[in-house]
Structure formats: C-alpha cells, structure tokens
Amino acid sequence: FINLASIFVQISDAGVLRLLYEEAKYNVLEGRYPCDIEDCELLGGLSCCLELGPYSQEKHTASMLRPQLESFLPPYICKKRIGLLNAFRNRGNRQIHFEETLVNTYKAATENVTSENCGVINCKEYLKKCHELPYYGCAFFQGEVDKPSQGFLNRNGRKTVSVAINMEGVSVIDRKEKHVLLSLKFSELSWDHTYPDEEEHILWLEFDGDSEGTPVNKLLKIYSKQAELMSGLIEYCIELSQGVDLPSPDTIPGNSQVSEKRSKLRRQESVLCNRIKNLTTIDYVDDGKSEGGRKETS
C-alpha cells in the first residue's frame, strides 16, 4: 500500500492503472473511502466513462443510468439523497436526481479526451481525486471508541470505527456514518499500545486540543485486538517515511478540467472534517495533571 499510493503518477501501463482504479473504486463504493457527495458524483462520472465508453447524448441518458446507480455511486449516498428528497416531495422544489448529475459529470469526463487515451487519462484522474483523501493507500483495522455520554442517564456505549494508517498519518472513521472522526499526520500525534491485565488491547492517540479555551493534550482510546499491529505499523511508517519525498497531488497528470471546478468548493460539513465533539477523550495539561478527568462532550 505504501509504494502504490505514491508512485502511480509515474505509471503508464493501462493494465496496472486499471487494477489501481478497480481497487480505489471498490473502497469508494464500500464506504472505506468516505467522500463528499460532490466528489462521489465526480468519481461516478469518471467511472461511467471508463466502463461505458465515451459519452453519447443519444445513448447515455438519465433513464439509462438509473438502474446502474449503485455501480457508480456508493449505495449509502444514494439512500441518504432519496430520504432527503422525500422530505421535500410536496414542497414544489425541483428534485435533482443523482442520475441527472451523473450524466453531467460523465459528459465532462469525456471532454478533451479521445477514445484512445480515455482509459489512461480517466484512471489517473480517478486516482488523483482519491489520492487527495487522507486515507488513500491505507491499511485498515477495526476498533471501537467510547461514545460521549447521551441523555439524562449519561449512558455511553461504544462506536465502531475503522482505523486507517498510511505513510502520512492516522484516520479514525465512523463505520456507520461514513465520515471522519479524527485525522492526524504523524507530526501531530503521539501514540502508545497497552494491554492492561484483564482488559482489552488499547491504541492510545495523543494530540493537541483545547478545553473551554485552555490548551490541553487529548488522549483517545481505541479498543482493538489489532492495537499492537497498528502501533507497529505506525512506527514502521514513520521510520520508512523519513527522507522520502512524496509527490504532491498537484503534480499528478490527468483530466484536470473537472477537478479544478470541484476544488473551488468550500464544504464546511465535509465528511473529511474532524469531529472531536463525537469522541470521548481524556484531557490533561502539560504538567501531567488531569483536566477534569475524562472530558466527555456531546
């Protein structure tokens, strides 16, 4: 996962690019690579071009794409949009269907490419967009984190997460909601692995934060049978990345016309934003004293 994530920009073999594309597409559709709706639509349009050929106005219509939506867009995204549309069905608003947007992104992906280079260019464009995600090229592990207390009974419970690790850092992803809870570069965190007597393996992530305006160190507990493996992989990635110059996504060739339009969007509710408020952390100040013990926010 380490090498392919950083050197695909140099690959020109269509077969290798296709394999990398198929892997990335699987991770997008399965929700292992959470994406904003706009990016899902862009990636869906590129997939249409790669799998259905260059866009044809007569052949590739919204009604033709409708039965195949879940082959190009994550099923969980389609279900969310359907629920939202139903809420406004009787309000007279124009419904924007996924298939209509998919036709537009499909058409844009076909512009400025020929049938001969369509596959290579759009594979690289798909991979370029995925490369912008903090968890592209990651190894994935399963775990759980404590939920913030909810309700007047202050019941906690746990949330199931995926922990994604690559050469750049660690991301904690909510497996149910398909969004990032925490994403940190290695320069922004410290970590440890413990196995207390008669308790579960725990991966500890420490990072800077604040509590009511006071700077504190935050500790996140990740319960997982794979905690020792995660700790070892983090150490290995840090050692391996020293002295390695990874390419910038801006240097990746491809059909940049579509991506440039999307990159101008500023999404405050992006699935990529950290959601510290959805996590239970232990806060303490620099002298090692606990800042109110476990700080739970909802």
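Reading the values: rules and limits
Starting afresh in each chain, residues are numbered from 1 along the sequence in its written order. Per-residue local features of the predicted model are confined to residues with pLDDT of at least 70, and side-chain atom pairs are confined, for both listing and counting, to 80 or more; whole-chain, interface and lining totals are unaffected and use all residues. Heavy atoms from the whole structure form the basis of all side-chain values; hydrogens and water molecules are not counted. Here a strand is any run of E in DSSP of at least two residues, a helix any run of H or I of at least four, and the numbering for each starts at the N terminus. Each residue's exposure class comes from its accessible area (1.4 Å probe, protein chains only) as a fraction of the maximum for that residue type: buried when under 20%, exposed when over 50%, partly exposed otherwise. What makes two residues a contact is simply this: any of their non-hydrogen atoms within 4.5 Å. Reported accessibility uses the Shrake-Rupley method at a 1.4 Å probe radius. Residues are deemed covered only where the shown protein chains occlude them. We define the nonpolar core as a collection of buried residues of types Ala, Val, Leu, Ile, Met, Phe, Trp, Tyr and Cys that are connected through side-chain atoms lying within 4.5 Å of one another. Note on ring pairs: Phe, Tyr and Trp rings are taken, using the six-membered ring of Trp, and paired if centres are within 6.5 Å. Classes follow the plane angle, with under 30 degrees stacked, over 60 edge-to-face and the rest tilted. Orientation is described by lines fitted to C-alpha atoms, with helices fitted over the stretch in contact, and by angles between N-to-C directions that extend from 0 to 180 degrees. Angle categories: roughly parallel below 35 degrees, roughly antiparallel above 145, roughly perpendicular from 65 to 115, and oblique for all the rest. Two helices crossing with the near one rotated counterclockwise from the far one by less than a right angle form a left-handed crossing, whereas a clockwise rotation gives a right-handed crossing. When residue character is reported, Ala, Val, Leu, Ile, Met, Phe, Trp, Tyr, Cys and Pro are called nonpolar, Asp, Glu, Lys and Arg charged, and the others, Gly included, polar. Confidence of the predictor in every single residue is expressed as pLDDT, which spans 0 to 100. Cysteine sulfurs are considered disulfide-paired once they come within 2.5 Å of each other. We define a polar contact as two N or O atoms separated by no more than 3.5 Å, with the added condition that, inside protein, one atom must be a possible hydrogen donor and the other a possible acceptor, whereas residues neighbouring each other in sequence contribute only through side-chain atom pairs.

Per an unreviewed UniProt entry, the protein chain goes by FERM domain-containing protein 8 and derives from Eleutherodactylus coqui.

Enquirer: Explain the overall build of the protein chain here, please?
Expert: Within the protein chain, the regular secondary structure consists of 10 helices and 9 strands. Taken across its 298 residues, the protein chain has 46% of its residues classed as buried. Of the contacts made within the protein chain by residues no fewer than 6 positions apart, 65% connect residues no fewer than 24 positions apart. As displayed, the protein chain has an accessible area near 16,000 Å², and 47% of this comes from carbon and sulfur atoms.

Enquirer: Sorry, what's going on with the nonpolar core here?
Expert: Proteins that are soluble and globular tend to have nonpolar side chains buried together. Core analysis: the biggest nonpolar cluster contains 41 residues, and Tyr126 and Tyr135 have the highest contact counts within it. Per-element accounting of this core gives the leading share, 7 residues, to helix α3 (residues 37-52). Setting aside chain neighbours within four positions, we find Tyr135 in contact with Arg32, Tyr33, Pro34, Phe140, Ala164, Asn166, Ser171, Ile173, Val180 and Leu272. Listed in part, the 23 residues of the second largest apolar core include Ile165, Ile222, Ala227 and Ile234.

Enquirer: How should I be thinking about the packing of aromatic side chains in this particular structure?
Expert: To describe a pair of aromatic rings, you give the distance between the ring centres and the angle between the ring planes. Taken as a whole and judged by the stated rule, the model has 5 aromatic pairs. Ring geometry for Tyr33 against Phe140: centres 6.2 Å apart, planes inclined by 35°, an arrangement best described as tilted. With Tyr33 in the loop between α2 (14-29) and α3 and Phe140 in strand β1 (residues 139-146), this pair connects stretches of sequence that are 107 residues apart. Residues Tyr33 and Phe140 agree in their burial class; the two are buried. When the ring of Tyr55 is compared with that of Tyr106, the centres are 5.4 Å apart and the planes differ by 75°; the resulting orientation is edge-to-face.

Enquirer: Any chance you could explain the packing of α2 against α3 here in plain terms?
Expert: Relative placement of two packed helices is described by the angle separating their axes and the distance separating the axes. The N-to-C vectors of α2 and α3 enclose an angle of 140°; their axes lie 12 Å apart at closest approach. As summarised for this structure, α2 and α3 are arranged oblique, according to the angle between their axes. Here α2 runs over α3; the crossing is left-handed. Residues Arg18, Tyr21, Lys25 and Val28 of α2 form the contact with α3, whose participating residues are Leu43, Ser47, Leu50 and Glu51. Tallied by class, residues from the contact of α2 with α3 come to 4 nonpolar, 1 polar and 3 charged.

Enquirer: Would you take a moment to explain the confidence of the model for the protein chain for this structure?
Expert: Detailed conclusions should not be drawn from predicted coordinates in areas where pLDDT is low. Per-residue confidence for the protein chain gives a mean pLDDT of 78; residues scoring 70 or more make up 74%. A low-confidence stretch, residues 246-268 (pLDDT under 50), is modelled with 45 contacts involving residues beyond four sequence positions or located in other chains. Throughout residues 288-298 the model reports pLDDT below 50, and contacts reaching past four residues in sequence, or to other chains, amount to 30 contacts.

Enquirer: Is there a simple way to explain unusual backbone geometry in this structure?
Expert: Note: most peptide bonds trans; most residues except glycine with negative phi. We note that Lys178 has phi near 60°; this positive angle belongs to a residue other than glycine. Inspection of the secondary structure assignment puts Lys178 in the loop between β3 (169-174) and β4 (179-185).

Enquirer: Help me out: how do you make sense of the state of the cysteines in this one?
Expert: Disulfide: a covalent bond formed between the sulfur atoms of two cysteine residues. Evaluation of the coordinates by the stated rule reveals 0 disulfides. Just so you know, Cys78 is unpaired, no disulfide at all, and the nearest cysteine sulfur is the one on Cys40, 8.8 Å from it. Considering cysteine sulfurs only, Cys138 is the nearest to Cys237, which forms no disulfide, with 8.5 Å between them.

Enquirer: Teacher, can you tell me more about the side chain of Asp174 here?
Expert: Its location among the elements puts Asp174 in strand β3. The buried category is assigned to Asp174, whose relative accessible area is 3%. Of the polar contacts made by the side chain of Asp174, one reaches the side chain of Lys159; its length is 3.4 Å. Of note is the side chain of Asp174, whose polar atom sits 2.9 Å from the backbone nitrogen of Lys176. Beyond its immediate chain neighbours, meaning those up to four positions away, Asp174 contacts Lys159, Thr160, His179 and Leu181.

Enquirer: How should the packing of α2 against helix α8 (residues 118-131) be read in this particular structure?
Expert: The contact between α2 and α8 brings their axes to 9 Å, and the two run at 40°. Classed by the angle they form, the pair α2 and α8 counts as oblique. Relative to α8, α2 is oriented so that their crossing is left-handed. Where α2 abuts α8, its residues Ala14, Leu17, Arg18, Leu20, Tyr21, Ala24, Lys25 and Val28 lie against Val120, Cys123, Lys124, Tyr126, Leu127 and Cys130. Split by residue class, the contact of α2 with α8 holds 11 nonpolar, no polar and 3 charged.

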